[in-house]
Amino acid sequence: ETGVTQTPRHLVMGMTNKKSLKCEQHLGHNAMYWYKQSAKKPLELMFVYSLEERVENNSVPSRFSPECPNSSHLFLHLHTLQPEDSALYLCASSQQDNSGNTIYFGEGSWLTVV
Amino acid sequence: DAKTTQPNSMESNEEEPVHLPCNHSTISGTDYIHWYRQLPSQGPEYVIHGLTSNVNNRMASLAIAEDRKSSTLILHRATLRDAAVYYCILINSGGSNYKLTFGKGTLLTVNP
């Protein structure tokens, strides 16, 4: 148990569906992240929120839409995805200060687009 | 962000020590050296981090070169549960440190 909880753990969706991934952190951190991990590829940073403001968007297609309503919750809204978007989506959080900024990851949401 | 270089893979035998190297020649003075590992079908988990001095915890030890341009993660007695991808990344403690990117890491195989 890392203190970062992701739901659902598994999701299968059609290309015309709209779904959302949810992340909640119980660590009191001030920054939250979405990463994508495709099969046999490195982790790709997608979005970063610091103090509920988006501070990083790594050229992610608009079919992925993040939302951070408060410092403990992060969503990734999905619509009109492509089969190549099938991957493990990982949420993480950290406390950005001078103590080293350790990142804590959730267990991930496995997404399959059919 | 400063980059790190790790071997793609390493192999070890159970109960033997493992030394996982990482090069980070462009490290800045405020970069912390972090190690994470990712077991199959799981999210990465924190292992250890340090700034200048060697560090020990219940999972591993971190040896940092005097010039800080390289570091070594030491697993004192490898077990089968240590088989994972190990990532070495640099995290800056000051200013904007949002771009936390991971490389390919080192795939550690532990033989029984």
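Our structure is the block above this text.
Residues numbered from 1 in each chain as written. Chains lettered and ligands numbered in written order. Predicted model: local features only at pLDDT ≥ 70, side-chain atom pairs only at ≥ 80, totals over all residues. Heavy atoms only, no water.

(A) Broad picture of the state of the cysteines. Counted under the stated rule, the structure contains two disulfides over all chains. Disulfide pairing places Cys23(A) opposite Cys91(A) at an S-S distance of 1.9 Å. The sign of the S-S torsion, about -75 degrees, decides the handedness of the disulfide formed by Cys23(A) and Cys91(A): left-handed. Linking Cys23(A) in strand E3 (residues 18-25) with Cys91(A) in strand E9 (residues 87-94), this pair joins segments that are 68 residues apart in sequence. Relative accessible area serves as the criterion here: at 0%, Cys23(A) is assigned to the buried category. Across the disulfide, Cys22(B) is cross-linked to Cys88(B) (sulfur-sulfur distance 2.1 Å). The chirality of the disulfide connecting Cys22(B) with Cys88(B) is left-handed, given an S-S dihedral of about -80 degrees. With Cys22(B) in strand E2 (residues 18-23) and Cys88(B) in strand E8 (residues 84-92), this residue pair connects regions lying 66 residues apart in the sequence. An identical accessibility class is assigned to Cys22(B) and Cys88(B); each is buried. Cysteine Cys68(A) shares no disulfide, and the gap to the nearest cysteine sulfur, in Cys91(A), comes to 9.1 Å. (Disulfide = S-S within 2.5 Å. Helix = DSSP H or I, 4+ residues; strand = E, 2+ residues; numbered from the N terminus. Buried < 20%, exposed > 50% of the residue type's maximum accessible area, 1.4 Å probe, protein only.)

(B) Representation of the pairing of strand E4 (residues 31-37) of chain A within the structure. Residues and elements named next belong to chain A. For E4, the tally of buried residues reaches seven of seven residues, placing the bulk of the element in the interior. Of the two faces of E4, the one lined by Ala-31, Tyr-33, Tyr-35 and Gln-37 and the one lined by Met-32, Trp-34 and Lys-36 are each fully buried. Once E4 ends, the chain turns through six residues before running back antiparallel as strand E5 (residues 44-50), passing Lys-40 with a positive phi of about 60 degrees. Taken together, the seven bridges between E4 and E9 define a ladder with antiparallel strand orientation. Among the inter-strand pairings, Met-32 is bridged to a residue of E9, identified as Ser-93. (Pairing = 2+ DSSP bridges.)

(C) Layout of the interface of chain B and chain A. Each partner contributes residues to the interface: chain B has 22 residues there, and chain A has 26 residues. Across the chain B to chain A interface the summed buried area is about 1,900 Å²; carbon plus sulfur atoms make up 56%. At the boundary of chain B with chain A, the tally comes to two residue pairs in polar contact (both at pLDDT 80 or more). Put simply, the parts of the chain that give the side of chain B that touches chain A at least two residues each are strand E3 (31-38), strand E4 (45-50) and E8 of chain B. (Contact = heavy atoms within 4.5 Å. Buried area = accessible area lost by both parts, 1.4 Å probe. Polar contact = N/O pair within 3.5 Å; in protein donor to acceptor, adjacent residues only side chain to side chain.)

(D) View of the nonpolar core. Among the nonpolar cores identified, the biggest contains 22 residues, and Trp34(A), Phe64(A), Leu76(A) and Leu78(A) are the most heavily contacted of them. Looking at this core, the elements that each hand over two or more residues are strand E2 (10-13), E3, E4, E5, strand E7 (64-70), strand E8 (73-79), E9 and strand E11 (109-113) of chain A. With sequence-adjacent residues up to four places away left out, Phe64(A) is seen in contact with Met46(A), Phe47(A), Leu76(A), His77(A), Leu78(A), Leu81(A), Asp85(A) and Tyr89(A). Counting 21 residues, the second largest nonpolar core, distinct from the first, contains Cys22(B), Val47(B), Leu75(B) and Cys88(B). (Core = buried A, V, L, I, M, F, W, Y, C linked by side-chain atoms within 4.5 Å.)

(E) Expanded view of the sheet that holds E8(B). Residue and element names in this part refer to chain B. In space, the five strands of this open sheet follow the order E1-E9-E8-E3-E4, with mixed pairing throughout. Either end of the sheet is taken by a strand with one partner, and the two such strands are strand E1 (9-13) and E4. The average undirected angle you get between the axes of adjacent strands in this sheet is 25 degrees. Taken together, the eight bridges between E3 and E8 define a ladder with antiparallel strand orientation. Paired with His-34 across the strands is Ile-89, a residue of E8. (Axes fitted to C-alpha atoms, helices over the stretch in contact; angles between N-to-C directions.)

(F) Expanded view of the side chain of Arg37(B). Residues and elements named next belong to chain B. Mapped onto the elements, Arg-37 comes out in strand E3. Polar contacts involving the side chain of Arg-37 include one to the side chain of Asp-82, which spans 2.8 Å. When near neighbours in sequence (up to four residues on either side) are disregarded, Arg-37 contacts Gly-43, Pro-44, Glu-45, Val-47, Met-59, Arg-81, Asp-82, Ala-84, Val-85 and Tyr-86.

(G) Local environment of the pattern of salt bridges. Residue and element names in this part refer to chain B. Taken as a whole and judged by the stated rule, the model has five salt bridges over all chains. As a salt-bridge pair, Glu-15 and Arg-77 come within 2.0 Å of each other at their nearest N and O atoms. Placement of Glu-15 in the loop between E1 and E2 and of Arg-77 in the loop between strand E7 (70-75) and E8 is noted, with a sequence separation of 62 residues between them. Beyond isolated ion pairs, a larger network of salt bridges with shared partners links Arg-37, Glu-45 and Asp-82. (Salt bridge = Lys/Arg side-chain N within 4 Å of Asp/Glu carboxyl O.)

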